[in-house]
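A look at the structure
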Amino acid sequence: MRTLCASTLIGEFFVIGFAGLVAMKSDDASMAVVWTVCGVAMLLSLLLCGMITRPGGIQLGWALQIALIASGFVVPAMFFLGVLFAGLWWASVHYGRKIDEAKAKWAAQAETAEP
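Quantities reported herein were computed from a predicted structural model and do not represent experimental measurements.

A count of helical and extended segments in the chain gives 4 helices and 0 strands. Along the chain, helices and strands appear, N-terminal first, in the series α-α-α-α. Each principal axis of the C-alpha distribution contributes one length, and for the chain these read about 70 × 20 × 20 Å. The buried share of the chain, reckoned over its 115 residues, is 33%.

Here you go:
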């Protein structure tokens, strides 16, 4: 699960950075506000890569997905990208857990099969 989720978060890191470049052109927010918000979100996405398996890591990832969708109010394309990444996040968590369960099952079978 960790690899799939971290891959999604790294992709989000870049998307958030590019969204910041687009948001700079907006007259609604100052450059300082845009880069403070984007910087915090980018830092959170990187820190979450190491926190995936810790308690609350998945929930923080979901909070980031919600924030990414909500950023569509500043950069409209982020509505689509946010939903896309939320779907990737769901798939990473869902299928990552299934892979981890299968690996644990195979490891247990290998231990019992050894003489």
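With 23 residues, helix H1 (residues 2-24) ought to run about 33 Å at 1.5 Å a step, and its terminal C-alpha atoms sit 33 Å apart, in line with that. Buried residues of H1: Cys5, Ala6, Thr8, Leu9, Glu12, Phe13, Val15, Ile16, Gly17, Ala19, Gly20 and Ala23, and no others. In this structure, the buried side of H1 is in contact with helix H2 (31-51), helix H3 (57-70) and helix H4 (77-113).

For the structure shown, the criterion picks out 3 aromatic pairs. With 5.1 Å between their ring centres and 85° between their planes, Phe73 and Phe79 make a pair best called edge-to-face. Phe73 gets classed as exposed once you look at its relative accessible area, which sits at 71%. On the accessibility criterion, Phe79 (34% relative accessible area) is partly exposed. With 6.0 Å between their ring centres and 80° between their planes, Trp90 and Tyr95 make a pair best called edge-to-face. Residue classification places Trp90 among the partly exposed positions, given a relative accessible area of 43%.

Packed helices, taken two at a time, are described by their axes: the angle between them and the distance between them. Contact geometry of H2 with H3 gives a least axis separation of 10 Å together with a crossing angle of 155°. Viewed along their axes, H2 and H3 adopt a mutual orientation that is roughly antiparallel. The hand of the H2/H3 crossing is left-handed. Two secondary-structure elements touch here, H2 through Ala41, Leu44, Ser45, Leu48 and Met51 and H3 through Gly57, Leu60, Gly61 and Leu64. Per-class residue counts for the contact of H2 with H3 are 6 nonpolar, 3 polar and no charged.

Conventions we followed
Residues numbered from 1 in each chain as written. Predicted model: local features only at pLDDT ≥ 70, side-chain atom pairs only at ≥ 80, totals over all residues. Heavy atoms only, no water. Helix = DSSP H or I, 4+ residues; strand = E, 2+ residues; numbered from the N terminus. Buried < 20%, exposed > 50% of the residue type's maximum accessible area, 1.4 Å probe, protein only. Expected span 1.5 Å × (residues − 1). Contact = heavy atoms within 4.5 Å. Phe/Tyr/Trp six-rings, centres within 6.5 Å; stacked < 30°, edge-to-face > 60°. Axes fitted to C-alpha atoms, helices over the stretch in contact; angles between N-to-C directions. Parallel < 35°, antiparallel > 145°, perpendicular 65-115°, else oblique. Left-handed = near helix turned anticlockwise from the far one by under 90°. Nonpolar A, V, L, I, M, F, W, Y, C, P; charged D, E, K, R; others polar.

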